[in-house]
Amino acid sequence: MKSLNPKLLLVLALVLAAVANCFSPSLNPYYYDILITIGINIVLAVSLNLVIGYTGQFSLGHAGFMAVGAYFSAWVTLNFGFVLGATTPATVAVYVLALASGGLVAAAAGLLVGVPSLRLRGDYLAIVTLGFSEIIKGVIQNAEPLGAQRGLGGVVQHTDIFWTFSGVALAVYGILALVHSTYGSGFLAVRDDEIAAEAMGINTTKYKVLAFVIGAFFAGLAGGLYAHFKQFIHPEGFNFLKSVDIVVMVILGGMGSTAGVCLAAVILTILPELLRAVSDYPWLPEPVRNLADNRMILYSILLIVLMLNRPQGLFGKLNFGSGKS
Amino acid sequence: MSLLEIQNASMQFGGLKCVSDLSFDLAENELVGLIGPNGAGKTTVFNMVTGVYPPASGRVAFDGVNVSGQRPYRITGRGIARTFQNIRLFGSLSVFDNVRTACNMHLRHGISHAIFRGRGYHDEERQIRAHVLELLGIFGLLEHRNRPGKSLPYGDQRRLEIVRALATKPKLLLLDEPAAGMNPSEKVNLMNLIRFTKDKFGLSILLVEHDMKVVMGICERIIVLEYGRKIAEGPPAEIRSNPAVIAAYLGKEGE
């Protein structure tokens, strides 16, 4: 209450995104690509952080929800792109509707996964979510209208800096507003002690499912942004490794620290690009030069070192507007 | 009419009968102690009343409503709050937030309110904040409000658990060994605190405690359990001289 009005910050972020968007034509396309990818990864990481970091439910299926959002929104624009006419405002309106509906359908999928989470915890829940995202991938791989194994192409590019970072602003604002409210304190209570949470009158079931639904919604939104940026989506783009990528961002950034997770998403998006430069040095040994392709090895080492030395994550308790009372 | 009625409640884990055929009731604004040797089933009674375990048979009624088998959060919603034998504060939350979390169940508004934050949201959060600060003030924890709950001294953590339970606005408060690990002067403070809490908030209190001084000192009525059965019930003076209780529990002290 005594810090800056969060709604004002949200509007400010949206304006900033619009202004930044004006400079995009002068931007090197390579950097542009990285910038958009950073934005999409932040949305993914921040939303997974609600599930893992704030609610304490381990999920390995975030890429699955992203896939649902990506495919559904792409399907919407591909099939209904010209329903409102071919003018720019009309196609943009369809695009926004596609993003929103992609998020909603992903949220429905999140509800489906949230329900088994009532009975499972820890490793078992992780396995169920992993299984669920593999099922989604499997369904897409066999769905002829979605391009099956060939992938789905021809999606019109709508995603730009404005839409991406509006998505980022919405996700960050929505999740922070939620977890800092009395309503959202239920998420943290479930994470800290389920028995005590129930004894304080908190419906732990509701909060766990809610975390999955909201997390999945933003993952679906990120998927929609991704599909309308890359213009081509393939089931393998949403595999287990993509889920692990997002989990690493959350753990590296510090579970339950939105600011830390955002930073980690930025770092882990840029890192593989920097590693690509390493391959230019011929005097380096072969495995080191291939580090960009083998980034999972680096991630694993990073995680082991981090867990041994800083289990609270790189940025620990760092948070936007840490609430003093 | 009694506030809490337990009728022929039983609970077993595998072959072990923790509580068998237990019946007792608790009137409004009454302070009752539940004692018994280790493993007598006292905490199990608590868990049955609060819904952590539904009773295997029998019935738990609160305020005239059968609550046996209901989820714990629903039972808390009806007005039963508890503290835990092994303190269960929310480890990552501040003292303030620990108590605020317990106000969650009385929220009039839902999730959209928390996200979109209209005028009603801020009014409600302000009320909650005032309520929490008032409670913390009453129990002398106000100055620690921004510290992590877990960083408080042991006695304060127990006090914070009581404050947190009170924030749910209960009619019945269950205290599970509140004096455990306290020194004699802390125990005296605790006894005053419990009496004060009961009068100030007009509560009924059910107390599990090992410390005889505390139990005899504040309880109006005492129920004694042994191996899950009730072996005696009555005012402290009567319990103190009850031969069955002495044999079961106080015997070796040669009272």
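Residues numbered from 1 in each chain as written. Chains lettered and ligands numbered in written order. Predicted model: local features only at pLDDT ≥ 70, side-chain atom pairs only at ≥ 80, totals over all residues.

S.K.: Which residues make up the nonpolar core, and what values go with them?
M.R.: Formed by 167 residues in total, the largest nonpolar core has its most connected members in Val43, Ala45, Tyr71, Ala222, Met249 and Val250 of chain A. Of all the elements, helix H9 (residues 204–230) of chain A adds the most residues to this core, at 17 residues. Residue assignment places this core across two domains, with domain 1 (1–79 + 170–255) and domain 2 (94–165) of chain B each supplying three or more. Excluding residues that lie within four positions of it along the chain, Ala45 of chain A makes contacts with Ile246, Met249, Val250, Gly253, Val261, Ala264 and Ala265 of chain A. (Core = buried A, V, L, I, M, F, W, Y, C linked by C-beta atoms within 7 Å. Buried ≥ 20, exposed ≤ 12 C-beta atoms within 10 Å, placed from the backbone. Helix = DSSP H or I, 4+ residues; strand = E, 2+ residues; numbered from the N terminus. Domains from an automatic or database assignment. Contact = placed C-beta atoms within 7 Å.)

S.K.: I'd like a rundown of the sheet that holds strand S2 (residues 16–26) of chain B, residues and numbers included.
M.R.: Residue and element names in this part refer to chain B. Strand order in the open sheet formed by four strands is S2-S1-S4-S5, with antiparallel pairing between adjacent strands. Whereas interior strands pair on both sides, the edge strands pair on one side only; in this sheet they are S2 and strand S5 (65–66). Across two bridges, strand S4 (residues 57–62) lies against S5 in antiparallel orientation. Bridged to Phe62 within S5 is Val65. (Pairing = 2+ DSSP bridges.)

S.K.: Can you break down the domain arrangement of chain B residue by residue, with the values?
M.R.: All names here are of chain B. In terms of domain boundaries, chain B breaks down into domain 1 (1–79 + 170–255) and domain 2 (94–165). Between the C-alpha centres of domain 1 and domain 2 the distance comes to 27 Å. Each partner contributes to the interface: domain 1 provides nine residues, whereas domain 2 provides six residues. Within the residue set of the side of domain 1 that touches domain 2, elements represented by two or more residues are helix H2 (72–78) and helix H7 (184–201). Taken together, the residues that form the side of domain 1 that touches domain 2 break down as four nonpolar, four polar and one charged. (Nonpolar A, V, L, I, M, F, W, Y, C, P; charged D, E, K, R; others polar.)

S.K.: Residue-level account of unusual backbone geometry, with values.
M.R.: Residues and elements named next belong to chain B. Despite not being glycine, Asp21 shows a phi value in the positive range, around 50°. For Asp21, the position within the fold is in strand S2. In this structure Asp21 comes out as partly exposed when scored by C-beta crowding, with 14 C-beta atoms within 10 Å. You will see that Asn29, though not glycine, has its phi angle at about 60°, which is positive. Structurally, the position occupied by Asn29 is in the loop between S2 and strand S3 (31–35).

S.K.: Any chance you could break down the interface of chain B and chain A for me, citing the residues and the numbers?
M.R.: Contact residues are listed per partner, giving 33 residues for chain B and 24 residues for chain A. At the level of secondary structure, the elements contributing two or more residues to the side of chain B that touches chain A comprise H2, helix H3 (95–101), helix H4 (111–116) and helix H5 (119–138) of chain B. Of the residues belonging to the side of chain B that touches chain A, the class tally is 15 nonpolar, nine polar and nine charged.

S.K.: Kindly report on the sheet that holds strand S9 (residues 221–226) of chain B, identifying the contributing residues and their values.
M.R.: Residues and elements named next belong to chain B. Taken in spatial order, the six strands line up as S6-S7-S8-S3-S9-S10 in an open sheet, and their pairing is mixed. The sheet is open, and its two borders are formed by strand S6 (80–82) and strand S10 (229–234), each paired with just one other strand. In this sheet, adjacent strand axes meet at a mean angle of 20° when their direction is disregarded. Note that S3 and strand S8 (residues 204–208) share four bridges and pair parallel. Across the sheet, the residue bridging to Leu31 is Ile205, located in S8. In the packing of helix H1 (residues 42–50) onto the sheet, contacts are made with S3, S6, strand S7 (172–176), S8 and S9, and the angle to S7 comes to roughly 150°. (Axes fitted to C-alpha atoms, helices over the stretch in contact; angles between N-to-C directions.)

S.K.: Please provide a residue-by-residue account of the packing of helix H10 (residues 240–253) of chain A against helix H11 (residues 258–278) of chain A, values included.
M.R.: All names here are of chain A. Two elements in contact, H10 and H11, have axes separated by 7 Å at closest approach and are oriented at 125°. By the angle between their axes, H10 is oblique relative to H11. Between H10 and H11 the crossing geometry is right-handed. Taken together, the residues of H11 that come into contact with H10 (itself represented by Val248, Met249, Val250, Leu252 and Gly253) are Gly260, Val261, Leu263, Ala264, Ala265 and Leu268. (Parallel < 35°, antiparallel > 145°, perpendicular 65-115°, else oblique. Left-handed = near helix turned anticlockwise from the far one by under 90°.)

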